Amino acid sequence: MPGFGQATENLTEYGQTLRGRNFLTLIDGVPQTNTLNNNYRSLNSISTSAIERIEVVRGATAAYGFGAPGGLVNIITKKPTDGEIQYTAAAGLRFQPTDAGESASYTTNLGASGRTGHIDYLLNGNFDKAGGSFTAEGERRPPDSYGTQGGTDDITSYNFLGKLGFEREDHRLQLSANYYDYTQDSDWAGTVSGGSITNNTSATPSTGNINTRRPGVENMTLNATYSNIDVAGSTVELQGYFNQNTTTFTRTEFLNFVYDQYETESEKFGSRLTVDTPIPQDALPLNLVWGVDYIRDETVVNDIDAVSTVPDYTMNGIAPFAQLNADIGTSLKVTGGVRYEIIDVDIPTHINETGNSVNGGTVDYREPLFNISASYDLLDGVAVFGGYSEGFQLGDLGRYLNDTGFTDVSQLSSEGQTTESYEIGFRITRNGFTFEPTVFYNESDNGVTYDENLNIQLAPEKVYGVEVSASYALHEKVDIGGTFTWLEGRYDANGDGDYDTDLGSDRIAPHKLTTYIEARPWDFGSLRLQTLYSGYRNPDSNQFTGLQTVEEYFLVDLLGRFQVGPGTLSVGIENLFDEDYAPVLQQSYSVQAYGYDDYYYVKGPGRTVALAYSVKF
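Since the model is a prediction, treat every value here as computed from it, not as a measurement.

**Student:** So what's going on with the overall build of the protein? Which residues, and what values?
**Tutor:** Each helix and strand in the protein was counted, giving four helices and 35 strands. Computed over its C-alpha atoms, the radius of gyration of the protein comes to 25 Å, within 12% of the 25 Å expected for a compact globule of 617 residues. For the protein, the spread of C-alpha atoms along the principal axes amounts to about 70 × 65 × 45 Å. Expressed as a percentage of the 617 residues in the protein, the buried residues total 48%. By sequence separation, contacts in the protein at least 24 residues apart represent 65% of the contacts at least 6 residues apart. Total accessible area computed for the protein in this model is approximately 26700 Å², and 55% of it derives from carbon and sulfur atoms. Of the charged side chains in the protein, 39 are positive and 82 negative; the average position of the first set lies 7 Å away from that of the second.

Encoded structure:
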């Protein structure tokens, strides 16, 4: 995905931005991102076995918001099949040749779906048991790679997805529930040390367990959607949802200091009314999408090792919105919209981490947000496009409240962040060839960054870059393609109006190049070879994650799918050539001047083999 940061190879998506900004993750339109205290686990809220596809929207939109300055990642779950009941069953094995026994991971999946009369239904259950992981040099990777706040080793996870739909004439009601539990229980959860950039050694864990409570994620999403395709000529959809997420972080110990273990718990109630109204005009066909978006988010930081100094938060947000689409002639399409976010955050009186008494109260934000975009067909299969959008997010409220200078929550009234985004590009789609380069730029007056001592900084910032995606049907049985992303970001460190300092590498990843070739040489199978090149970055920055140079690395994966007997055999080899590398986020946290590479410099997994067999009946 062009514009999307390189994978952390760990539990968190912290440091994995979309065009240098935070994004909002949804499951079937239900927000998963914790707006008030972002735990950066939203991409780890559901098993991949329950997913049909993922849609990514760059930039803000009118219909969705409450924390989407970079865009949206909407995870669409599987849909029921038509006709009689159909069953699916799958089992898989994953291991690393370095230590096949310790790294062995297993997965099983069972599902059923179908339609009877006016009723359709789907059930999907998944169980995963993950072992340890090892670098290309055979070093054991820590269950918690410091700086990423959670790893993917020694995990037991469950996922259950259920759907029930009723459809008659113009009406449809769908009920769905998704429950995901992801728990880590490791014999290697002791202290971490031994990382060294100079000696090219990865930080490794010790035996034992310093956690008071087992870390992990528990996520439940309930969703009800009613739709009617003809209400006075409009299509109406009314959605109501509930999401409960509990994230238990790992306990960390380094530099002779023990950080208390804690967990965040978020409960979201919400609804969204969307009305699609065509406006018939002979000369200028118009279409208006309008409605209202509501969310209530209650977030608590629970005590584990010590009394929490983070207060409870309650946010109520309501946002009416409207988006007008116009087709002007046969070549020009224009769309423009507005969203007005009304947000109130209730914070009680509390004692913060620095010992200050902070007076509670309600902080309110009123933000009108606009967007406009257009595309024009120059020739058959050749179009140009451009757009402007605005998004709003609250920022890191917890870090603000723990600042030594805070005495009253009213001081938060100016701490929201509005991001203005621009893009322009062109698209060629002809004779099996697609090519789409885009130039983008976004800026905010109240960007959130952290200095070399991890103190919060608020400053104007800008991010700009280039994205390219391309594909070509080289042969009727061979497709090739790839993407390229380059971006840079700077901020005004001293308030003189000059963007004089680079943003850190947790926000601005090095340039990224991906390629693939997919071949279908046989009727019974296909092969895909894909590569990822992550480039070099040496930011000129006094931010903590901008102090360290990020080195390049190159990864190759080989994937295959084959019809074997009644089912499908999937084969994958990740990091085919056993590249010895450290992911971008781990490198950016491994500040040698502070000795942090001893703990943070954790390399990515070496060669990994995966096999799976699935059957439908």
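**Student:** Describe the nonpolar core, naming the residues involved and giving the relevant values.
**Tutor:** Counting residues in hydrophobic clusters, the biggest one holds 27 residues, and the most contacted among them are Ile343, Val345, Tyr365, Leu394, Leu397 and Leu412. In this structure, Tyr14, Tyr589, Val591 and Tyr599 belong to the second largest nonpolar core, which totals 10 residues.

**Student:** Explain unusual backbone geometry residue by residue, including any values.
**Tutor:** In this structure, Asp154 takes a positive phi of about 55° despite not being glycine. Tracing the chain through its elements places Asp154 in the loop between β7 (119-129) and β8 (155-168). For Asp154, a relative accessible area of 16% puts it in the buried group. Positive phi is not limited to glycine here, since Glu169 has a value of about 50°. Considering the arrangement of structural elements, one finds Glu169 in the loop between β8 and β9 (171-184). Given the relative accessible area of 71%, Glu169 is considered exposed.

**Student:** Break down the pairing of strand β35 (residues 608-616) for me, with residues and values.
**Tutor:** Sheet topology note: the strand β5 (residues 86-95)/β35 ladder contains eight bridges and is antiparallel. Looking at β35, one finds that Ala91 is bridged to Tyr613. Where strand β34 (residues 567-574) and β35 come together, eight bridges link them in antiparallel fashion. Bridge assignment links Ile573 to a residue of β35, and that residue is Val609.

**Student:** Please set out the sheet that holds strand β1 (residues 24-27) residue by residue, giving values where relevant.
**Tutor:** Overall, mixed pairing links the four strands, which are arranged β2-β1-β4-β3 in an open sheet. Only two strands of the sheet have a single partner each, and these edge strands are β2 (30-31) and β3 (51-58). Looking at chain direction, β1 and β2 are connected through two bridges and run antiparallel. When the bridges of β2 are listed, Leu26 appears paired with Pro31.

**Student:** So what about the packing of aromatic side chains? Which residues, and what values?
**Tutor:** Summed over all chains, the structure comprises 23 aromatic pairs. Ring centres of Phe242 and Phe269 lie 4.9 Å apart, and the angle between their planes is 45°; this geometry places the pair in the tilted category. Highlighted residues: Phe242 in strand β15 (residues 234-248) and Phe269 in strand β18 (residues 263-279), separated in sequence by 27 residues. Aromatic side chains Phe433 and Tyr472 sit 6.2 Å apart centroid to centroid with 70° between the ring planes, which places their arrangement in the edge-to-face category.

Criteria and thresholds
Residues numbered from 1 in each chain as written. Predicted model: local features only at pLDDT ≥ 70, side-chain atom pairs only at ≥ 80, totals over all residues. Heavy atoms only, no water. Helix = DSSP H or I, 4+ residues; strand = E, 2+ residues; numbered from the N terminus. Rg over C-alpha atoms; globule rule 2.2 N^0.38 Å. Buried < 20%, exposed > 50% of the residue type's maximum accessible area, 1.4 Å probe, protein only. Contact = heavy atoms within 4.5 Å. Areas by Shrake-Rupley, 256 points an atom, 1.4 Å probe, with all protein chains shown as cover. Lys, Arg positive; Asp, Glu negative; His and termini not counted. Charge placed at Lys NZ, Arg CZ, Asp CG, Glu CD. Core = buried A, V, L, I, M, F, W, Y, C linked by side-chain atoms within 4.5 Å. Pairing = 2+ DSSP bridges. Phe/Tyr/Trp six-rings, centres within 6.5 Å; stacked < 30°, edge-to-face > 60°.

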